[in-house]
Amino acid sequence: MKSEERHSCGHHEAACVALVPIFNHLEDEQLQEVMKVVQSVSYKKGEIIYRSGDDSSSLYIVNEGKIKIYRLSETGKELLLRILEPGDFTGELALFKETTHEAYAEAIGNTKVCMISRIELQQLLLKYPSISLKILSEFSNRLEVSEKQTTSFATEKVETRIALFLAECADQEQKLEFDLPMSKKDLASYLGTTPETISRKLAELEERKIIIQKKQKKIEVLDLDRLLLIGVDGKG
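Here the residue index of a chain counts from 1 through its sequence in written order. This being a predicted model, a pLDDT of at least 70 is required before a residue's local features are given, and a value of 80 or more before pairs of side-chain atoms are given or counted; all residues contribute to the totals for chains, interfaces and linings. Heavy atoms from the whole structure form the basis of all side-chain values; hydrogens and water molecules are not counted.

An unreviewed UniProt entry lists the protein under the name CRP/FNR family transcriptional regulator, with Anoxybacillus andreesenii as the source organism.

Shown next, in the form of structure tokens:
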């Protein structure tokens, strides 16, 4: 059973609407209109927000915490698709047709989610077409990431995938010390390898004085040039 808590409109919804890129371009009066149809739901760490096969009828926006989106292989192996952070959303296919979820969504930690039903969101899309353009832009970004991931699995060594991932983390954070956005287990799933291989390859990078592994998933990049070289041609 989900121990979700539902709340009426308030500061949680305001934070959601202000964060998410598909809404934050709207005028204040328009944002107030969006807030009226938003419902806040809380999940504890490990709780499933939706399962593959569940009806998809709402858009889910992360307000606080993180959500991992994954599929299960025929053997039951978890295949991580993406990690959602505050401002990110999922369930967008429900906007266009009645369908079922093809993946699982699980709260990584204590998480607050804002939900908007298909009917209410469709009305907003008709009234404010700019929201549709923002959603299409996000679709394009996700397709690009998915294509890169597929190509990486097919053509690149594990060392290269890890190096590129770490370099991207440093670039996104705009600093050389950052927290890994996921556990080693999830990182292994995302990069198409095993947790043991992730641990071994990170240790090798540390031995070569390219990175330092610190406490609580914190990584410091000591030599970004060599890390990028590994990401480009497997050498460094």
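A. View of the overall build of the protein. Of the regular secondary structure elements, the protein holds eight helices and 14 strands. Burial classes: relative accessible area under 20% of the type maximum marks a residue as buried, over 50% as exposed, and values in between as partly exposed (1.4 Å probe, protein chains only). Out of the 236 residues belonging to the protein, those deemed buried represent 41%. Within the protein, counting contacts between residues at least 6 apart in sequence, those at least 24 apart form 70% of the total. The protein chains shown are the only cover counted for residues, whose accessible areas, like all others here, come from Shrake-Rupley with a 1.4 Å probe. Total accessible area on the protein stands at roughly 13,200 Å², and carbon and sulfur atoms take up 50% of it. Secondary structure elements follow DSSP: runs of H or I of four or more residues count as helices, runs of E of two or more count as strands, with numbering from the N terminus. Should any heavy atoms of two residues lie within 4.5 Å, those residues are counted as being in contact.

B. Region of the structure containing the sheet that holds strand E14 (residues 218–221). Judged by pairing direction, the sheet is antiparallel, and its three strands sit side by side in the order E12-E14-E13 without closing on themselves. Each end of this open sheet is capped by a strand with a single partner; those strands are strand E12 (177–179) and strand E13 (211–213). Across the sheet, the mean angle separating the axes of adjacent strands is 20 degrees when strand polarity is ignored. When DSSP finds at least two bridges between two strands, those strands are taken to pair. Angular values range over 0 to 180 degrees, each being the angle between N-to-C directions of two axes fitted as lines to C-alpha atoms, with helices fitted over their stretch in contact.

C. Spotlight on the pattern of salt bridges. Any carboxyl oxygen of Asp or Glu within 4 Å of a side-chain nitrogen of Lys or Arg constitutes a salt bridge here. In this structure the tally under the stated criterion is 12 salt bridges. A salt bridge links Glu-159 to Lys-201; the nearest nitrogen and oxygen atoms lie 2.8 Å apart. Remark: Lys-201 occurs in helix H7 (residues 195–207) and Glu-159 occurs in helix H5 (residues 158–173); sequence separation between them is 42 residues. A cluster of three or more residues bridged by salt bridges with shared partners is formed by Lys-68, Glu-78, Lys-185 and Asp-186.

D. Summary view of the packing of H5 against H7. Viewed as axis vectors pointing N to C, H5 and H7 meet at an angle of 70 degrees, and their least axial separation amounts to 10 Å. In this view, H5 runs roughly perpendicular relative to H7, as classed from their interaxial angle. Residues Val-158, Glu-159, Ile-162 and Leu-166 of H5 lie in contact with H7, whose contacting residues are Thr-197, Ile-198, Lys-201, Leu-202 and Leu-205. Three residue categories are used. Nonpolar comprises Ala, Val, Leu, Ile, Met, Phe, Trp, Tyr, Cys and Pro, charged comprises Asp, Glu, Lys and Arg, and polar comprises the others, including Gly. Partitioning the contact of H5 with H7 into residue classes produces six nonpolar, one polar and two charged. Oblique is the label for every angle not falling under 35 degrees (roughly parallel), over 145 degrees (roughly antiparallel), or within 65 to 115 degrees (roughly perpendicular).

E. The arrangement of the packing of helix H6 (residues 184–191) against H7 in detail. As a packed pair, H6 and H7 sit with axes 8 Å apart at the nearest point and diverge in direction by 100 degrees. With respect to their mutual orientation, H6 and H7 come out roughly perpendicular. Together, Lys-184, Lys-185, Leu-187, Ala-188 and Leu-191 of H6 and Pro-195, Ile-198, Ser-199 and Leu-202 of H7 make up the contact between the two elements.

F. Representation of helix H3 (residues 118–127). Inspection of H3 places Arg-118, Leu-121, Leu-124 and Leu-125 among the buried residues, and these make up the whole buried set. What you see down the axis of H3 is that its buried residues fit within an arc of 125 degrees, all on one side. For H3, exposure combined with an orientation more than 90 degrees from the buried face picks out Ile-119, Gln-123 and Leu-126. Note that the arc is defined by the directions from the helix axis to the C-beta atoms.

G. Seen up close, the sheet that holds strand E7 (residues 78–84). One open sheet holds the four strands; their spatial order is E3-E10-E6-E7, and the pairing between them is antiparallel. The two strands at the open ends of the sheet, each matched to only one other strand, are strand E3 (48–50) and E7. Taken pair by pair, the neighbouring strands of this sheet meet at an average axis angle of 30 degrees, ignoring direction. Lying over the sheet, H6 contacts strand E6 (67–72) and E7, oriented at roughly 105 degrees with respect to E7.

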